[in-house]
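Structure assessment
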Amino acid sequence: PDNEIAGALVTLGEESIAFGQRHLARAQDAYRNLAERIKVLNKQKLDNQELLNVLLKDAPIAMVLFNERLEIVQLNHAASILFNTSIATVRGKPCAQILPCSRQSENCQALNDHTSIKNEIIEVIVSGNTLSLLRSVAVIKKSGNETMIIEAFVDITERLAEEQKRIQYEKQLEALN
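Since we're looking at a predicted model, the values are computed, not measured.

Thresholds, definitions, all that
- Residues numbered from 1 in each chain as written.
- Predicted model: local features only at pLDDT ≥ 70, side-chain atom pairs only at ≥ 80, totals over all residues.
- Heavy atoms only, no water.
- Pairing = 2+ DSSP bridges.
- Helix = DSSP H or I, 4+ residues; strand = E, 2+ residues; numbered from the N terminus.
- pLDDT = per-residue confidence, 0-100.
- Axes fitted to C-alpha atoms, helices over the stretch in contact; angles between N-to-C directions.
- Salt bridge = Lys/Arg side-chain N within 4 Å of Asp/Glu carboxyl O.
- Buried < 20%, exposed > 50% of the residue type's maximum accessible area, 1.4 Å probe, protein only.

**A short note on the pairing of strand 7 (residues 147-155)**
Two elements, strand 3 (residues 62-67) and strand 7, share six bridges in a ladder whose sense is antiparallel. Paired with alanine 62 across the two strands is phenylalanine 153, which belongs to strand 7. Sheet analysis places strand 6 (residues 129-141) next to strand 7, joined by nine bridges and oriented antiparallel. Looking across to strand 7, one finds that isoleucine 140 is bridged to methionine 148.

**Here we look at the confidence of the model for the protein**
Summing up the model confidence of the protein, the mean pLDDT is 77 and the portion of residues at 70 or higher is 71%. Within the protein, the element-level pLDDT minimum falls on helix 4 (residues 101-104), averaging 49, and the maximum on helix 2 (residues 77-82), averaging 91.

**Here's the deal with the sheet that holds strand 4 (residues 72-75)**
Here we have five strands laid out as an open sheet, ordered 4-3-7-6-5, and antiparallel in their pairing. The sheet is open, and its two borders are formed by strand 4 and strand 5 (117-126), each paired with just one other strand. Neighbour-to-neighbour, the strand axes of the sheet open up by a mean angle of 30°, direction not taken into account.

**Considering the pattern of salt bridges**
In this structure the tally under the stated criterion is six salt bridges. Of the charged contacts in the structure, one is a salt bridge between glutamate 71 and arginine 69, with a shortest N-O distance of 3.4 Å. The exposure class assigned to glutamate 71 is partly exposed, which follows from its relative accessible area of 25%. Across the salt bridge formed by glutamate 163 and arginine 166, the nearest N and O atoms sit 2.4 Å from each other. On the criterion of helical spacing, the pair formed by glutamate 163 and arginine 166 is a turn pair, its members being three residues apart in helix 6 (residues 157-176).

What follows is the structure in structure tokens.
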């Protein structure tokens with residue numbers, strides 16, 4: 001056909017490189033493949049971001065996200081209720097504002113050891129009330145070597161109180177027998 005390109009001559013400085021029609025076709029195919037791959041990766045990134053947003057926003061478990069400077073980045077609705085605060089109030093603030101572990105030490109065990117913590121029971125005081133929380137921590141390495149910490153909390157205060165009552169009742173029954 002008359003409108004078909006026979007080739008191209010590319011000049012860089014004093015060097016010239018001739019590309020034939022076959023080379024151009026391969027380059028165009030490679031470009032199309034790369035462009036499609038970028039579209040797929042961008043869609044996956046958006047899907048992952050949506051999933052993360054849903055988890056953080058709507059999960060029934062209180063979750064708080066910290067950066068490597070131990071500043072609060074995000075917390076979900078359940079965490080806002082549990083800690084009686086809002087993200088607008090605590091974003092960018094040190095985690096010590098809501099968690100006792102960093103009040104006892106300037107070092108974060110999870111961040112320093114780069115290890116997760118599973119099912120640790122901690123006590124926090126929120127609005128004058130002592131709460132027993134089941135705490136799990138995951139350390140996440142993001143691209144660019146940025147480290148994030150996500151902590152999940154379940155309020156087990158009532159469950160522990162019920163367990164203590166059950167133990168007391170069992171002791172009273174044993175005393176009667």
